[in-house]
Structures are given as structure tokens and as C-alpha cells.
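Residue strings, one per chain:
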Amino acid sequence: MTNRGSSPRPGHGFTLIELLVVIAIIAVLIALLLPAVQAAREAARRSQCVNNLKQLGLAIQNYTDSNTSLPPTGSPGTSASLFINDFGMKARILPFLEQGALYNAINMGFTYNSAAIFTVATTVVNTFLCPSDGNDPDPTLTFGKQTGRVEGTNYPNTLGTHLGNNGGVLDGPAWELPSATNYGPMVTLASITDGTSNTAIFSEWVKGMFRQPSDGLHQTYWLTQTKYSNTTTAINYVNVVAECQASRSIFQETAGTNWNAKGEYWILATCGTGGCYTHITMPNKKACYFAGDTAGSTFRSLVGASSNHPGGVNVAFLDGSVRFVKDSVSTTTWRAIASKAGGEVVSADSL
């Protein structure tokens with residue numbers, strides 16, 4: 001007797017059409033989810049950026065509590081023999097950012113590009129970097145006989161507006177070494193008559209991309225007018241800003257070589273390079289230098305605030321708060337929060 005077993009039923013696979021439909025559904029889901037994932041990641045990066053700025057603002061307060069003034073923004077020149085350096089504000093608040101060892105490694109008797117500063121200048125300080133900006137402004141510099149990668153920053157301190165429009169002195173919460181007569185007196189909290197909650201101290205910028213010719217917030221451009229370079233002559237903000245925004249000439253510190261190194265050097269004081277910015281231009285607009293100036297022209301730049309955060313920039317105020325200022329902020333308000341004693345009234349809903 002023959003045992004007749006039932007043959008197994010063949011499995012039912014996907015048809016080509018069914019497979020294509022599944023792939024299409026997966027693609028649609030990815031397309032729907034990807035923006036949400038990217039938005040969540042940017043929200044996390046922006047939160048870290050806000051926290052960094054808050055730490056900088058609190059460090060300024062702690063520095064001021066331990067000293068008689070706000071930290072100086074730099075100096076008008078450098079001289080190792082006179083113990084005058086050109087270190088920026090961030091270098092001076094290191095002890096209040098839990099970076100006491102790094103601060104102690106700075107020899108204040110040397111200039112910023114001395115071999116004695118090599119180790120400090122090539123140290124990454126994460127508090128000085130915004131995770132939304134991965135640009136690399138400059139891979140290497142030479143310090144004496146040592147060559148290494150200097151570390152940059154996304155967070156400059158404000159100088160206010162232009163010296164010439166304020167009688168040759170800084171109108172922002174900034175002052176210079178070595179004496180109280182350089183572009184204005186030493187800045188104390190008592191001199192912030194506009195109020196610490198209405199006075200900006202730090203914001204952010206998009207770093208450069210090291211000699212890249214492409215346009216964008218990472219780039220720095222040139223004005224054609226040299227007359228604006230004079231620190232005692234007033235400028236027409238409307239004309240200067242319009243010229244800057246229309247400029248197609250990329251800044252070249254060396255003829256024939258694009259600079260494009262904004263934010264390359266966190267220890268340095270100069271505007272654009274690493275130390276300071278101004279409120280002449282509005283947020284997320286082109287950055288410019290005056291014709292004839294160099295990256296070392298500390299107090300004459302139109303390098304403003306910029307960010308990769310959609311719609312505006314984060315700004316740290318002297319009371320320790322951080323607020324997101326929209327690109328649509330009025331010129332009056334933007335310049336008002338840059339001054340320390342301008343007497344302007346800034347309403348809470350104007351930012």
C-alpha cells in the first residue's frame with residue numbers, strides 16, 4: 001500500500017508590483033520623518049549653543065564680581081616688552097569656565113602668535129563652539145618654529161557700533177588695555193546705564209571655510225571706500241550697510257588669496273578673526289572689512305552676527321540671559337542692545 005503524503009503548498013512571495021509599493025511607502029515615510037529628525041537634531045544643537053552663550057554670560061558676571069570691571073576686549077597694539085598682548089575677552093574669562101589650567105598656561109608677557117602661546121591656541125574649548133557650525137576656518141598657523149592647528153570660535157563679544165559715530169570711543173560694553181584712555185574708559189557695571197538686561201555682550205557667527213571663494217554667511221567681503229576706516233569720522237550706516245551687502249569682492253589680506261578665516265582663533269581679540277563683532281549690520285547679513293584694512297583691524301569692521309539656526313541668532317545679555325533675536329529685528333532695536341549707555345528704551349516684544 002502506497003503512503004500518499006500531501007505535497008507541501010508552495011509559499012506565496014511578493015510580486016514585483018507589491019515590492020515596488022512597499023518600497024514607495026518606505027520612501028514616503030522616510031521623506032516625512034527626515035525633516036522631523038533634522039529639526040530635532042537642530043533643536044538639540046541650538047540648545048547647546050544657547051547653553052554655551054549662557055556660560056559665557058555668567059562667566060562675565062563672575063569675572064566682574066572678582067574684579068573692578070568687565071574683562072577688556074583687547075589692546076590697541078602688542079608688545080612683549082611692555083607685557084601688552086592682544087588676547088580677547090574669552091581668554092580672560094577662562095577661569096570662570098572651569099578652564100583654570102588653560103588660563104594658567106597663558107603667558108601674558110607674550111603676544112598672541114608667540115611660540116609660548118602655541119599649546120593654548122591649539123587647544124579646543126567646546127564652550128566656544130556652536131555644534132550647528134562645522135566649518136573649518138584655518139587648519140594651521142606657525143608659532144616660531146612650531147606649526148599646528150589653531151582652534152576657532154563661534155562666539156564674539158560686541159563692541160557696539162562704529163567708533164566714529166560715538167566721538168571716537170566704543171559705545172558697547174567693551175574697553176581696551178593697557179590704559180583707560182584707549183577708545184573709552186574701563187567698563188564697569190555702574191557704567192551700563194541702559195541696564196544689563198538690555199545690553200548684549202556675546203552673539204554668534206558662522207565660521208569661515210579657509211580661502212573658499214563661495215558666497216555665504218561664512219564669507220567676508222570688502223568695501224571699496226577707505227574713508228570709513230577712520231575711527232574718528234562718522235559713517236553713514238545706511239550707505240555703508242548697502243555697499244557691504246552689494247559687495248562681490250571677497251576680502252583678501254594677501255593680494256590674490258582669499259582670507260575666509262572668520263572665527264579662526266578664539267584667543268585673539270580682533271574682529272572677525274576671533275574676538276569681536278559689531279551691530280552695524282543686521283543679523284545674518286554679509287560681513288565686510290573696510291578697504292585698506294586687514295584682519296588685524298580690530299575696531300573698524302562690519303563683521304556682524306550670523307548663525308545656521310533658521311530665522312535669527314542667539315544673543316547673550318549682561319544679566320546672564322540668552323535670547324533668540326530674529327532676522328526681522330529693527331535696526332533701531334539691534335543697535336540699541338549693542339550700546340551700554342545710549343539711553344534707548346527696548347521693549348520686551350521688540351526682539
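Residues numbered from 1 in each chain as written. Predicted model: local features only at pLDDT ≥ 70, side-chain atom pairs only at ≥ 80, totals over all residues. Heavy atoms only, no water.

Caption draft 1: Representation of unusual backbone geometry within the structure. The phi dihedral of Phe210 is positive, around 55 degrees, even though this residue is not glycine. Tracing the chain through its elements places Phe210 in the loop between strand E4 (200–202) and strand E5 (220–222). Even without glycine at this site, Arg211 takes up a positive phi of about 70 degrees. Relative to the elements of secondary structure, Arg211 occurs in the loop between E4 and E5. On the basis of relative accessible area, Arg211 is assigned to the partly exposed category, the value being 46%. (Helix = DSSP H or I, 4+ residues; strand = E, 2+ residues; numbered from the N terminus. Buried < 20%, exposed > 50% of the residue type's maximum accessible area, 1.4 Å probe, protein only.)

Caption draft 2: A nonpolar patch on the surface, seen in detail. Where nonpolar side chains cluster on the molecular surface, the patch consists of Ile17, Val21, Ile25, Val28, Leu29, Leu32 and Leu33 and spans about 700 Å² of accessible area. When you line up the elements, Ile25 lands in helix H1 (residues 16–66). For Ile25, a relative accessible area of 47% puts it in the partly exposed group. (Patch = residues over 30% accessible without salt bridge, like charges linked within 9 Å, V, L, I, M, F, W, Y side chains within 5 Å. Areas by Shrake-Rupley, 256 points an atom, 1.4 Å probe, with all protein chains shown as cover. Salt bridge = Lys/Arg side-chain N within 4 Å of Asp/Glu carboxyl O.)

Caption draft 3: Representation of the state of the cysteines. A complete count under the given rule lists two disulfides for this structure. Across a sulfur-sulfur distance of 2.1 Å, Cys244 and Cys288 are joined as a disulfide pair. Here Cys244 and Cys288 share a disulfide; its torsion about the S-S bond, 95 degrees, makes the bridge right-handed. Taken together, the residues Cys244 in helix H5 (residues 237–246) and Cys288 in strand E7 (residues 287–289) connect sequence positions 44 residues apart. Given the relative accessible area of 0%, Cys244 is considered buried. Sulfur-sulfur distance for the disulfide between Cys271 and Cys276 comes to 2.3 Å. Handedness here is read from the sign of the S-S torsion; for Cys271 and Cys276, about -120 degrees, the answer is left-handed. Here the bonded cysteines of the chain are numbered in sequence order, and their pairing is 1-4, 2-3. Free cysteine Cys49: the closest other cysteine sulfur is in Cys130, separated by 3.5 Å. Exposure remark for Cys49: the relative accessible area of 0% places this residue in the buried category. (Disulfide = S-S within 2.5 Å.)

Caption draft 4: Layout of H5. Listed in full, the buried residues belonging to H5 are Tyr237, Val240, Val241, Glu243 and Cys244. All buried residues of H5 project into a common sector of 160 degrees when viewed along the axis, lining one side. Among the exposed residues of H5, those oriented more than 90 degrees off its buried face are Val238 and Ala246. Buried residues in H5 make contact with E7 and helix H6 (331–336). The backbone nitrogen of Val238 has a side-chain oxygen 3.0 Å away, supplied by the residue at the start of H5, namely Asn236. (Arc of directions from axis to C-beta. Contact = heavy atoms within 4.5 Å. Polar contact = N/O pair within 3.5 Å; in protein donor to acceptor, adjacent residues only side chain to side chain.)

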